[in-house]
Amino acid sequence: LTQGMLNKETLLDIIHNFVMFQTDGKATWKILSAYQQYYAVNKAVENAIRATGPSGDRRIGVVWHTTGSGKSFTMAFFAGKLIRRMNNPTVIVITDRNDLDDQLYTTFCQSAELIGQTPEQAMTRADLRSKLRQRQSGGVIFTTIQKFEPDETDTEMLLNERQNIIVIADEAHRSQYGFGAKVVKTKEEASIRYGLAHHMHNALPGASFIGFTGTPVERKDKNTPAVFGDYIDI
């Protein structure tokens with residue numbers, strides 16, 4: 001304890017970056033990171049700085065947490081420290097279900113003081129476009145990956161080419177692999193369609209990606225590291 005948590009560098013880091021307060025309107029809780037959150041976040045922040053640098057490959061990596069280990073808090077701690085370390089990046093939090101989007105958005109709203117700003121939630125495709133197009137810096141934006149799918153008004157959606165955009169993907173193994181084209185046939189015609197991840201990466205060509213998952217991944221899984229980079233913390 002003395003050599004680890006209570007050495008000066010670690011203790012100051014914890015006080016500055018790993019303490020948050022949350023309230024339900026009646027009671028207030030002071031939340032301190034667990035050890036696995038502390039180490040995972042610090043490794044992830046350093047990886048993000050590397051990945052977004054001039055020679056970076058835009059793949060920050062994968063944080064693989066067991067269920068119940070505080071993944072939502074880890075993501076909030078990561079966003080807060082990353083925003084302070086980088087030059088006011090835009091952070092986009094991606095899920096593939098509305099209930100997960102709402103859950104994470106609520107966690108981040110309750111952690112607004114830690115991350116230094118109030119998060120925004122994109123409610124529609126048009127809302128996502130208005131929040132990201134021409135945005136020069138800053139912002140923590142929540143959206144489902146489905147909102148990157150083009151529609152009849154915008155067939156190829158390029159939203160922002162900046163390189164200080166960080167995409168945090170929750171459940172990184174599930175809807176993040178769809179880059180290949182598929183032929184979809186009906187009785188009248190056939191069309192080529194791409195997965196949702198293809199549209200998201202085209203919309204944000206300069207962004208860097210980090211994946212979080214609490215679901216067991218196959219031992220020989222190659223898809224998740226191929227998209228996000230090597231495992232940061234397991």
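Note that the structure is predicted; figures quoted are calculated from it, not measured.

Definitions and cut-offs
Residues numbered from 1 in each chain as written. Predicted model: local features only at pLDDT ≥ 70, side-chain atom pairs only at ≥ 80, totals over all residues. Heavy atoms only, no water. Helix = DSSP H or I, 4+ residues; strand = E, 2+ residues; numbered from the N terminus. Expected span 1.5 Å × (residues − 1). Buried < 20%, exposed > 50% of the residue type's maximum accessible area, 1.4 Å probe, protein only. Arc of directions from axis to C-beta. Salt bridge = Lys/Arg side-chain N within 4 Å of Asp/Glu carboxyl O. Patch = residues over 30% accessible without salt bridge, like charges linked within 9 Å, V, L, I, M, F, W, Y side chains within 5 Å. Areas by Shrake-Rupley, 256 points an atom, 1.4 Å probe, with all protein chains shown as cover. Phe/Tyr/Trp six-rings, centres within 6.5 Å; stacked < 30°, edge-to-face > 60°. Core = buried A, V, L, I, M, F, W, Y, C linked by side-chain atoms within 4.5 Å. Contact = heavy atoms within 4.5 Å.

Section: helix α4 (residues 98–110)
In an α-helix, one turn spans 3.6 residues, which is why side chains three or four residues apart end up on the same side.
Inference 1: With 13 residues, α4 ought to run about 18 Å at 1.5 Å a step, and its terminal C-alpha atoms sit 18 Å apart, in line with that.
Inference 2: Residues Leu100, Asp101, Leu104, Thr107 and Phe108 constitute the buried set of α4. Taken down its axis, α4 places every buried residue within 135° of arc, on the same side.

Structural notes on the pattern of salt bridges
Inference 1: Counted by the stated rule, this structure contains ten salt bridges.
Inference 2: Residues Asp170 and Lys71 are paired through a salt bridge, measuring 2.4 Å at the closest nitrogen-oxygen approach. On the criterion of sequence distance, the pair formed by Asp170 in strand β7 (residues 165–170) and Lys71 in helix α3 (residues 71–85) is long-range, its members being 99 residues apart. For the pair formed by Asp170 and Lys71, the shared burial category is buried.
Inference 3: Here Glu149 makes a salt bridge to Arg125, at a shortest N to O gap of 3.4 Å.

Overview of a nonpolar patch on the surface
Inference 1: On the surface, a cluster of nonpolar side chains totalling about 690 Å² of accessible area is made up of Leu1, Met5, Leu6, Leu11, Leu12, Ile15 and Leu32.
Inference 2: Per-element tally for the nonpolar patch: the top contributor is helix α1 (residues 8–17), with three residues.
Inference 3: Among the secondary structure elements, Leu12 is positioned in helix α1.
Inference 4: For Leu12, a relative accessible area of 58% translates into the label exposed.

Quick word on the environment of Asp230
Inference 1: Tracing the chain through its elements places Asp230 in the loop between α8 (223–228) and β11 (231–233).
Inference 2: Along the sequence, Asp230 and Val62 sit 168 residues apart, while their C-alpha atoms lie 6.2 Å from each other.

With respect to the packing of aromatic side chains
Inference 1: Counting across every chain of the model gives seven aromatic pairs.
Inference 2: Measuring from ring centre to ring centre gives 5.7 Å for Trp64 and Tyr231, while their planes differ by 40°; the resulting arrangement is tilted. Of this pair, Trp64 sits in strand β3 (residues 59–64) while Tyr231 sits in strand β11; the two residues are 167 residues apart in sequence, bridging distant segments of the chain.
Inference 3: Here Trp64 falls in the partly exposed class, since its relative accessible area comes to 25%.
Inference 4: Clustering of aromatic rings is evident, with ring pairs tying together Phe18, Tyr38, Tyr39 and Phe77.

Here's the deal with the nonpolar core
Inference 1: Judged by nonpolar contacts, the single largest core of 35 residues is most densely connected at Phe78, Val93, Phe108, Ile168 and Ile210.
Inference 2: Once you skip the residues sitting within four places of it in the chain, Val93 turns out to touch Met75, Leu104, Phe108, Ile141, Phe142, Thr143 and Ile168.
Inference 3: Listed in part, the 21 residues of the second largest apolar core include Ile92, Ile145, Phe148 and Ala169.

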